[in-house]
Amino acid sequence: MNLRKISRLLYQIKLTNQEINTLFEKETGFSLTRYEMLMFLKEKGICSQNQIQTELKIDSAAITRHLKILEQKGYVIRERNADNNREVFVQLSDKAIQDLDACGKEYEQGKSSLSLSLSDEEAEQLSDLLNKLYLKR
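How each quantity is defined
Residues numbered from 1 in each chain as written. Predicted model: local features only at pLDDT ≥ 70, side-chain atom pairs only at ≥ 80, totals over all residues. Heavy atoms only, no water. Patch = residues over 30% accessible without salt bridge, like charges linked within 9 Å, V, L, I, M, F, W, Y side chains within 5 Å. Areas by Shrake-Rupley, 256 points an atom, 1.4 Å probe, with all protein chains shown as cover. Salt bridge = Lys/Arg side-chain N within 4 Å of Asp/Glu carboxyl O. Lys, Arg positive; Asp, Glu negative; His and termini not counted. Charge placed at Lys NZ, Arg CZ, Asp CG, Glu CD. Helix = DSSP H or I, 4+ residues; strand = E, 2+ residues; numbered from the N terminus. Buried < 20%, exposed > 50% of the residue type's maximum accessible area, 1.4 Å probe, protein only. Contact = heavy atoms within 4.5 Å. Axes fitted to C-alpha atoms, helices over the stretch in contact; angles between N-to-C directions. Parallel < 35°, antiparallel > 145°, perpendicular 65-115°, else oblique. Left-handed = near helix turned anticlockwise from the far one by under 90°. Nonpolar A, V, L, I, M, F, W, Y, C, P; charged D, E, K, R; others polar.

Enquirer: Please clarify how a negative patch on the surface should be interpreted in this entry.
Expert: Among the surface-exposed residues, Asp120, Glu121, Glu122, Glu124 and Asp128 lie close enough to one another that they form a single negatively charged patch. Structurally, Asp128 is set in helix 6 (residues 120-135).

Spelled out as structure tokens, the structure:
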């Protein structure tokens, strides 16, 4: 594949990403990154800030900014480890659990325009291709 085709493909991915992020935030009230952070915490329970950072592949400054915003909105509770002051533990608040559950119910009831025009098989193929691109680095 020549450089021009690669640049077109990457630009198409960029535009799609921007459009989907905007739609996701409009529909859910959460940025995609913050939603993924909240869902990770919902699935795992109390985690260190470092665990979230590693899982989502976000730099430390960005993870701190996101968590500060989520804490101000009442979605997460952060506490320093009493034995190691440099470590911060994070957990979901009851408000976050309620809002995430409500968001999921709205989507399941068809009240969201977030559905992708992909079959389950196509979505899996796209995920495989994106992973291939990402993991190649």
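Enquirer: So what exactly am I meant to see when it comes to the environment of Gly74 here?
Expert: One can find Gly74 in the loop between helix 4 (60-72) and strand 2 (76-80). With relative accessibility at 26%, the residue Gly74 sits in the partly exposed group. As a C-alpha pair, Gly74 and Asp128 span 54 residues in sequence and 35 Å in three-dimensional space. With residues up to four places along the chain from it excluded, the contact list for Gly74 reads Ser93 and Lys95.

Enquirer: I would appreciate a short explanation of the packing of helix 2 (residues 32-44) against helix 3 (residues 49-56) in the present structure.
Expert: Geometrically, a packed helix pair is captured by the angle between its two axes and the distance between the axes. As a packed pair, helix 2 and helix 3 sit with axes 11 Å apart at the nearest point and diverge in direction by 120 degrees. The angle between helix 2 and helix 3 places the two elements in the oblique class. For the crossing formed where helix 2 meets helix 3, the hand is right-handed. Seen from helix 2, the contacting residues are Thr33, Glu36, Met37, Phe40 and Leu41; seen from helix 3, they are Gln51, Ile52, Glu55 and Leu56. Counted by class, the contact of helix 2 with helix 3 contains five nonpolar, two polar and two charged residues.

Enquirer: Help me understand the packing of helix 2 against helix 4 in this model?
Expert: It is at 11 Å that the axes of helix 2 and helix 4 come closest, and there the two elements cross at 80 degrees. Regarding the angle of helix 2 to helix 4, the classification is roughly perpendicular. Here Thr33, Arg34, Met37 and Leu38 of helix 2 lie close against helix 4, whose contacting residues are Ile63, His66, Leu67, Ile69 and Leu70. When grouped by side-chain class, the residues that make up the contact of helix 2 with helix 4 number six nonpolar, two polar and one charged.

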